[in-house]
Structures are given as C-alpha cells and as structure tokens.
Amino acid sequence: MPKIHSEYVCQQCGYKSSSYLGKCPECGSWNSLVETEVSAESERQRISGIQIEGNLVKLSEVKKEHSLRMSTGFSEFDRVLGGGIVPGSLVLISGDPGIGKSTLLLQSAMRIADKSTDHSLQTTAKKKKAVDSRQKAVDNSVLYVTGEESAQQVKIRADRVGKIPPNLYILPQTETEAIVSACEKLSPAILIVDSIQTLTSEKLTGSAGSIGQIRESAQVLQRLAKGTRTSVFVVGHVTKEGNIAGPKVLEHIVDAVLNLEGDEAYGFRILRSVKNRFGSTFEVGVFEMADSGMIEITNPSQVFLSQRIEKRAGSVVCASIAGGRPILSEVQALATSTIFGVPARRVTGLDFSRMQIVIAALAKNAGLSFANLDIYLNVAGGLRITEPAADLAAALAVVSAVLDKPVREGICVFGEVGLLGELRTVAASKAREKEAKRLGFNDFVTPERFKTLEAAISYAIHGD
Ligand code: TYD
Ligand code: MG
C-alpha cells in the first residue's frame, strides 16, 4: 500500500497548504481550501515525470516541424482556431451548459472522421495508393470520450446531425488513465473529452470537478497531446459567475480557449477565441443551432439584418467588430411613457453602463427629456456588442424611438459617444465601411463626418 498523505488545496487558485487555512494566502478567497489526499507514490511519479520531460536543447537546434493543420469540417471553427487544428494541441471549449459544445464537437468529430471514408471510397489502385500515403500522414480517426452521456445518448445525437462515419470511436469513461491507455491503443488524430469536469485521476482522491482533479487531468492530457501529436479538445463548463468552472489553472495549461456564447432564446451561437497560442485572439465564428445541429454562418451581417423592417423608428444599422471581422447588426430602441414610478432602462446585447452614459449625454446635449420615458435597448438576433463603437448607433436609435421618426434609409452608424456629446473615432473604420457597402449601406454617420451628437442626429433623423 502506498503511503497516503493529505494536503489542503484552494479550489479557486490551486494553492496548496499542509494545514487548513480559513483564507487562501494566494488569492484571498475564504473557506476555499479543501482537504485532498495524495499518495506519496503518485507524488514521486509526478516529480520524476517532470524530470524525464526536461530535455536540455539549444533553441537554435530545435527542428521546425512542418505539421499540417487539419480542418474541423467547419470553416468558421477553423477560423477561430487560427486556420485549423494544430497537431498535438490542447484546446478548451468553454461555455454555459446547453449552449451546444457537445453538439459542435460531435459534428466536427463526424466530419473529420468522415474524410477518411470518402478517401477509401476511391476505387482505382493509383488513387488508392495516393490516398493511403496521405492517410499515413494525416490519420482521420477520432476518439470521443463522454463522461456525461452514455454511448446510446451520443448515438441518438449523432444520428440526428448526420451520418456516422466508421472512423469515429466512442468511449464512455471518466478515468483519465483509462482514457490515456485507450488513446495509446487507438492513436487517434483527434481526441475529444466531454467534459474535463467529469474526469478523475487515480492518483488523487478528490472528487471529479475539484481543482486538483481538473488540473491533474489537464496536465495528463497536455502531456498526451505533446507526446503523441494527437490533438485534444476538452469541454469545460462555465459557472454562474461566468468563469470556467474550476479554475484559471486550466486556462494556463491549455494551448487555446474558445468560448461558445449565445442567448438561449436565439439560435445564434458565437465561438470566440479567448486565448490562442497558434492564432489571433478575439477571432469569432458564427453558427446557428438548428434541428439538425450547428450550421455555420459565413455571412453573419446578412443574417443579423435579415429580419429588419426598413423605415421603422428606433432601428439603426450598426457596424461593429467581432474578432477580426466587421459584423453589421440592428440596434433597436423602444421608448414608452412611464406609467408608474421610476423610468425603466433595460438593455440587452449592449453594455448597460455605457448606455446609461449615452442616454445621459443625449438628455444633456440633444435637448430631449427622458424623465417620463421607459427606454429599452436591444441588439436584434442575440448578438452582444460591448465595444464603444455601438454608442452612436444606440444614441440614434433612442432619439429615433423618442421622436417616433425613422433614421434615413441606407445609413450605417458607428462611433463612440463622449460625456460631453462629442463623437470619438473607433478602430477599423475602413473595414466597417467596406462590410456596410457590401450590404448596400453607402451613407455613413461616423465621428469622421460629424463632430457632435447633435450634428449626427440632425443629419440621420432630421435630414439636414
Ligand atoms: P449540447 O451540445 O448538449 O450543449 P452543451 O454540451 O454545451 O451542454 O446542446 C444542447 C442543446 O442543443 C439542447 O437544448 C438541444 C439543442 N439541440 C438542437 O437544437 N439541435 C440539435 O440538433 C441538437 C443535437 C441539440
Ligand atoms: Mg454537453
């Protein structure tokens, strides 16, 4: 029997202590230390494992590997990854429960595994030979490990979203070591682990989802990815506070963190890169959750504007930047008389405190009174714009709603509103204008053209 000793691990930051402490000295959280047993043997193995990995080499002598990136089967997904999957990478897909992480990864798994099926369908010997050699270079088998659902449940979902390829393997398993040995047996190109919160390592006795277990499992998967060139995707849930459940440590261990967001009430989902060692961050991919799974949207502006009613008061077309690309959307405002009590302000899809400033700046500079009006602001389609470039669009939408006068057709708006009613330029105006022109908006209300809120309002709404 290996000797067992225990330590106290902070569930917020991973700080370890040999005795119990009420407050974590590392991150300052209260009551966050949980007793975790660690066997002396595993500790020794862990330390020796680190020693083996530490090979001393000159950086100049490190050979550059020309590894081909692999497609996920979705161009939007590839875009967020920085141009496809890097062999041997560990990628975390985070998001609220029910947002579609499992669906997206299963669909990708099916598309990746399907490529080899298509190849093997080739009949002529010459073609087959060419394909065989290519397959040796890029194997397309995928192992989908599910700790949350049974194989049956995954099959039902897979049948719903497409045809199941023969190269897709499923393993209902929650033990990290068992996953590693299955992976060694199969050597898949891609390993998907759904989710990291269900994994337990036999080295630790903490329950699944505890910081120790998550960190250990993530480290084991990182070692597996780097050692075998299998690319690993792990799913991580997000807590109510909006953090990836478990820990910051997980974000440090993985190569990329992609967050899947969206309003449950709408079908649109946005995959956003928060961290990426192999590509730019803040890149986004747009999807729609349909009956047959996720559908990628390669032309988001058109989709977000598709249900817009022209010449309706309170509607403004805004050009925002999501990731590296401009997206056109409709900012809507509604103003109604306050029946009772304090006027209400409700904002969805925009930053609430920015909108309070915009409304205050309007009241002061545009000579409008909002004292007896309830104001509602929204971005159609469930898109979320947090950048200040949406200020001017929101301001014009509010004025248009209050005056019940539509903004002139063909206008596209972007710009920041300052406290004194001055308009401030925002980044990437050329890219925004280009996207707007592509969709037929040729008239711009921007800080480049107008210096103040009043001037923008007179032009866009009064037409002078
Ligand atoms: P899921 O991928 O299970 O979410 P997560 O893994 O992030 O928790 O998605 C679950 C939701 O997606 C569920 O509410 C049903 C819906 N859904 C569809 O609308 N269409 C589909 O084809 C599938 C498979 C799921
Ligand atoms: Mg899931």
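Residues numbered from 1 in each chain as written. Chains lettered and ligands numbered in written order. Predicted model: local features only at pLDDT ≥ 70, side-chain atom pairs only at ≥ 80, totals over all residues. Heavy atoms only, no water.

Draft legend 1. Main features of the overall build of the chain. If you tally the helices and strands in the chain, you get 13 helices and 20 strands. By the burial criterion, 48% of the 464 residues in the chain qualify as buried. The contacts of the chain with a sequence gap of at least 6 include a subset with a gap of at least 24, amounting to 70%. Approximately 22,700 Å² of the chain is accessible, and the part contributed by carbon and sulfur atoms is 53%. (Helix = DSSP H or I, 4+ residues; strand = E, 2+ residues; numbered from the N terminus. Buried < 20%, exposed > 50% of the residue type's maximum accessible area, 1.4 Å probe, protein only. Contact = heavy atoms within 4.5 Å. Areas by Shrake-Rupley, 256 points an atom, 1.4 Å probe, with all protein chains shown as cover.)

Draft legend 2. Representation of the site of ligand 1. Neighbouring ligand 1 are 16 residues, the closest being G98, S102, T103, A290 and G293. For ligand 1, an oxygen atom lies 2.7 Å from a polar atom in the backbone of G293. Compared with its free state, where it exposes 560 Å², ligand 1 has 75% of that area covered by protein. Where the shell around ligand 1 is concerned, the elements lending two or more residues are helix 3 (101–120), helix 5 (151–161) and strand 11 (284–290). Residues belonging to the shell around ligand 1 are distributed by class as follows: five nonpolar, six polar and five charged. (Near = heavy atom within 4 Å. Polar contact = N/O pair within 3.5 Å; in protein donor to acceptor, adjacent residues only side chain to side chain. Nonpolar A, V, L, I, M, F, W, Y, C, P; charged D, E, K, R; others polar.)

Draft legend 3. Summary view of the packing of helix 11 (residues 391–403) against helix 13 (residues 453–462). Their axes nearest at 10 Å, the elements helix 11 and helix 13 cross at an angle of 55°. With respect to each other, helix 11 and helix 13 are oriented oblique. For the crossing formed where helix 11 meets helix 13, the hand is right-handed. For the pair helix 11 and helix 13, contact is made by L392, A395, L396, V399, S400 and L403 and by L453, A456, I457, A460, I461 and H462, respectively. (Axes fitted to C-alpha atoms, helices over the stretch in contact; angles between N-to-C directions. Parallel < 35°, antiparallel > 145°, perpendicular 65-115°, else oblique. Left-handed = near helix turned anticlockwise from the far one by under 90°.)

Draft legend 4. Focus on the layout of surface pockets. As a volume, the second largest pocket reaches approximately 400 Å³. Elements with a contribution of two residues or more to the lining of the second largest pocket: helix 9 (300–305) and strand 14 (325–337). Top element by residues in the lining of the second largest pocket is strand 14. It accounts for five residues. (1 Å grid on protein atoms, 1.4 Å probe; cavity = no way out; pocket = protein on both sides within 12 Å on 5 of 7 lines; lining within 4 Å. Points joined across faces, edges and corners; volume = space filled by probe spheres on them.)

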